[in-house]
Amino acid sequence: MKNFIAYNPTKLYFGKNVVSELGKPASAYGNHALLVFGGGSVLRNGSYAAVRMQLEQHGIRITEYSGIKPNPRVEDVRKAAEIGRKQAVDMVVAVGGGSVIDSAKIIAICIAENCDSWELMTGKYNPSRALPLIAVLTLAATGTEMNSAAVLQNRETGQKIGFKHDLNYPALSFLDPAYTLSVPADHTAYGIVDLVAHAMESWFGQGKATLSDRFVIAVIEEAMDVGPALMKQPDHYELRERIMWAATNALNNLTGYGRISGEWGVHALGHVLSFLYDTPHGATLSVIYPAWMKAMRERAGERIRLLGSRLFGTRDMDGTISRLEDFFRELGSPVRCQDAGIEPAKREEILALMNRNRSQGIHFRLTDAEREEILSHAFQTR
Ligand code: NZQ
Ligand code: ZN
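Reading the values: the criteria
Residues numbered from 1 in each chain as written. Chains lettered and ligands numbered in written order. Predicted model: local features only at pLDDT ≥ 70, side-chain atom pairs only at ≥ 80, totals over all residues. Heavy atoms only, no water. Helix = DSSP H or I, 4+ residues; strand = E, 2+ residues; numbered from the N terminus. Rg over C-alpha atoms; globule rule 2.2 N^0.38 Å. Buried < 20%, exposed > 50% of the residue type's maximum accessible area, 1.4 Å probe, protein only. Contact = heavy atoms within 4.5 Å. Areas by Shrake-Rupley, 256 points an atom, 1.4 Å probe, with all protein chains shown as cover. Lys, Arg positive; Asp, Glu negative; His and termini not counted. Charge placed at Lys NZ, Arg CZ, Asp CG, Glu CD. Phe/Tyr/Trp six-rings, centres within 6.5 Å; stacked < 30°, edge-to-face > 60°. Lys NZ or Arg CZ within 6 Å of the ring centre and 35° of its normal. Pairing = 2+ DSSP bridges. Donors = N, O, S within 2.8 Å, 3.2 Å for Na, K, Ca; no water. Near = heavy atom within 4 Å. Polar contact = N/O pair within 3.5 Å; in protein donor to acceptor, adjacent residues only side chain to side chain. Nonpolar A, V, L, I, M, F, W, Y, C, P; charged D, E, K, R; others polar. Axes fitted to C-alpha atoms, helices over the stretch in contact; angles between N-to-C directions. Salt bridge = Lys/Arg side-chain N within 4 Å of Asp/Glu carboxyl O.

Caption draft 1: View of the overall build of the protein chain. On a plain count of helices and strands, the protein chain comes out with 15 helices and eight strands. Compactness check: the protein chain gives a C-alpha radius of gyration of 20 Å against a globular reference of 21 Å for 382 residues, within 12% of the reference. On the principal axes, the C-alpha backbone points of the protein chain span a range of 60 × 45 × 45 Å. The burial tally for the protein chain puts 57% of its 382 residues in the buried class. A fraction of 78% describes how many contacts in the protein chain between residues 6 or more apart in sequence connect residues 24 or more apart. Surface summary for the protein chain: the accessible area is close to 15300 Å², and the carbon and sulfur share equals 50%. When the 42 basic and 42 acidic side-chain charges of the protein chain are each reduced to a single mean position, those positions are 2 Å apart.

Caption draft 2: Quick peek at the packing of aromatic side chains. One pass over the structure, following the stated rule, counts ten aromatic pairs. Between Phe204 and Trp292, the aromatic rings sit 5.0 Å apart at their centres with planes inclined by 65°, giving edge-to-face as the arrangement. Of the two residues, Phe204 is situated in the loop between helix H7 (185–203) and helix H8 (210–232) and Trp292 in helix H11 (residues 281–295); the sequence distance between them amounts to 88 residues. Accessibility classification places Phe204 together with Trp292 in one group, the buried group. A ring pair is formed by Tyr289 and Trp292, whose centres lie 5.8 Å apart and whose planes are at 75°; its orientation type is edge-to-face. Taken together, the residues Tyr289 and Trp292, both in helix H11 and three residues apart, mark about one turn of the helix. With respect to class, Tyr289 is no different from Trp292; both count as buried. Among the aromatic residues, those joined into a cluster by ring pairs are Phe204, Tyr289, Trp292 and Phe364. Across from the ring centre of Tyr237, 4.3 Å away, lies the NZ or CZ of Lys16, which sits over that ring. Against the face of Trp203 rests Arg303, its NZ or CZ located 4.0 Å from the ring centre.

Caption draft 3: Geometry of the pairing of strand S7 (residues 159–164). For strand S6 (residues 149–154) and S7, the ladder comprises six bridges, and the chain directions are antiparallel. Considered in S7, the bridge of Val151 is made with Gly162. Between the antiparallel neighbours S6 and S7 lie four residues, among them Gly158 with a positive phi of about 75°.

Caption draft 4: Highlighting the coordination of the zinc ion (ligand 2). In this structure, Asp194 (OD), His198 (NE2), His267 (NE2) and His281 (NE2) serve as the protein donors to the zinc ion (ligand 2), at separations of 2.0 to 2.1 Å. Read in sequence order, the donor residues coordinating the zinc ion (ligand 2) give the pattern D-x3-H-x68-H-x13-H. Here His267 lies in helix H10 (residues 265–277) and His198 lies in helix H7, a separation of 69 residues in the sequence. Side by side, His198 and His267 carry an identical accessibility label, which is buried.

Caption draft 5: Region of interest: the site of ligand 1. Residues in close proximity to ligand 1 total 32 residues, the closest being Gly98, Ser99, Asp102, Lys160 and His198. Here an oxygen atom of ligand 1 sits 3.1 Å away from a polar atom, N or O, in the main chain of Gly40. Between ligand 1 and Ser99, the relevant distance is 2.6 Å, taken from an oxygen atom to a side-chain nitrogen or oxygen of the residue. Here ligand 1, which alone exposes 950 Å², has 90% of that area covered by the protein. In terms of residue class, the shell around ligand 1 is made up of ten nonpolar, 19 polar and three charged.

Caption draft 6: Focus on the sheet that holds strand S4 (residues 91–96). One open sheet accounts for six strands, arranged S1-S8-S5-S4-S2-S3; its pairing is parallel. One side of each edge strand has no neighbouring strand; the edge strands of this open sheet are strand S1 (11–14) and strand S3 (61–65). Averaged over all adjacent pairs, the angle separating strand axes in this sheet is 20°, with direction ignored. Both strand S5 (residues 133–137) and strand S8 (residues 172–175) contribute to a ladder of four bridges, which runs parallel. The residue of S8 that forms the bridge with Val136 is Phe174. Contacting strand S2 (32–36) and S3, helix H4 (residues 74–86) runs over the sheet at an angle of about 155° to S3. Along the sheet, helix H9 (residues 237–250) makes contact with S1, S5 and S8, crossing S1 at roughly 170°.

Caption draft 7: Just the pattern of salt bridges, in detail. Scanning all chains against the criterion turns up 21 salt bridges. The salt bridge partner of Asp318 is Arg297, with a shortest N-O separation of 2.8 Å. Placement of the pair is Asp318 in helix H13 (residues 317–331) and Arg297 in the loop between H11 and helix H12 (301–312), with a sequence separation of 21 residues. A residue is classified by how much of its surface remains accessible, and Asp318, at 43% relative accessible area, is partly exposed. Across the salt bridge formed by Arg358 and Asp368, the nearest N and O atoms sit 4.0 Å from each other. Linking Arg358 in the loop between helix H14 (347–356) and helix H15 (368–379) with Asp368 in helix H15, this pair joins segments that are ten residues apart in sequence. One connected set of salt bridges, linked through shared partners, spans Lys294, Glu325, Asp326, Arg329 and Arg336.

Structure below.
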């Protein structure tokens, strides 16, 4: 194993009605909250009303910032941080999916530090404090509720990038699976793909860590067990509960201890598709993961074979990749660019941005030729 530090400061409340416990610990942080949310789904599923009631009952004043978009943009984060700073809020409360919570992480640092959000994202600004962040998650997917990452896009620089920092961990996270019952089929599927992809990014990280391998396999098996059933029964609370907990554990460090890092090459390539075509995050991963594995047959061959033997009882690489594609298809997530509405004519545009951004992972660094090969697989017709 590689040396590691085990650290996760997020206090996570999980289960039915846990939001009813939010007000008391929030009141310990002060009496004025910036409440951040997205396009309005939280107004329809009851989470917004429940959070507001908790804050009000505990004497916490609320300033709102709404309209955070999926594939969130740095301009919104800048505006929200400016409002929070002017209003001198004591805490940030985020209600929504990964886009809202990621934005709130950066907002919470930028209010405390009075720094520019993109300078922070790109590592030009080194922060030392953040306002406490309370996350109320309504979509099982990213793991942001219990991790140190945030992902934003910048239309001016042509990038969608991640930023990891210990200050990004939410202080408190509330996960009531009932709020995910309203997630539509497409985003339910993308969330399942995302959590499987997170487990696999760990799997392809550098270093030997057998217990982490077992956690990876357990998370993916849970997703493969629950995913297809959930797509058929989207109102099934217990299935929602299981997938929500699996998504948290896919990216809360558990699957990565003992390795230098995860791989993250597939994510970096997927972010280019999200940037160019606003493709939902999970949809980019179900297209790129099989394509990346095909291009990495030699370099990552042994890990692909081991994954196949643990998940599907086969050491055949092609068999493993096609079983994975079948799983993504069964969920209803795209496995080729065309399935995601991206036509072959866009190939050069995508490749140019991937090469310009040097999109790649941490362990398996990619050459321009490899990026081109991955893209060919992503457009390959059956
Ligand atoms: O905008 P609203 O109205 O909230 O609607 C959202 C959005 O349209 C909707 N939604 C959320 N909860 C719902 C719901 N609709 C009905 N019922 C509910 N309960 O779903 C749509 C997608 O929401 P979004 O937050 O964008 O999805 P997700 O949670 O998948 O987050 C994706 C973002 O997270 C980043 C991705 O790159 C992407 O920008 N990631 C963050 C990571 C992290 N911080 O660790 C890791 C991931 O790899 C990922 O990169
Ligand atoms: Zn992801």
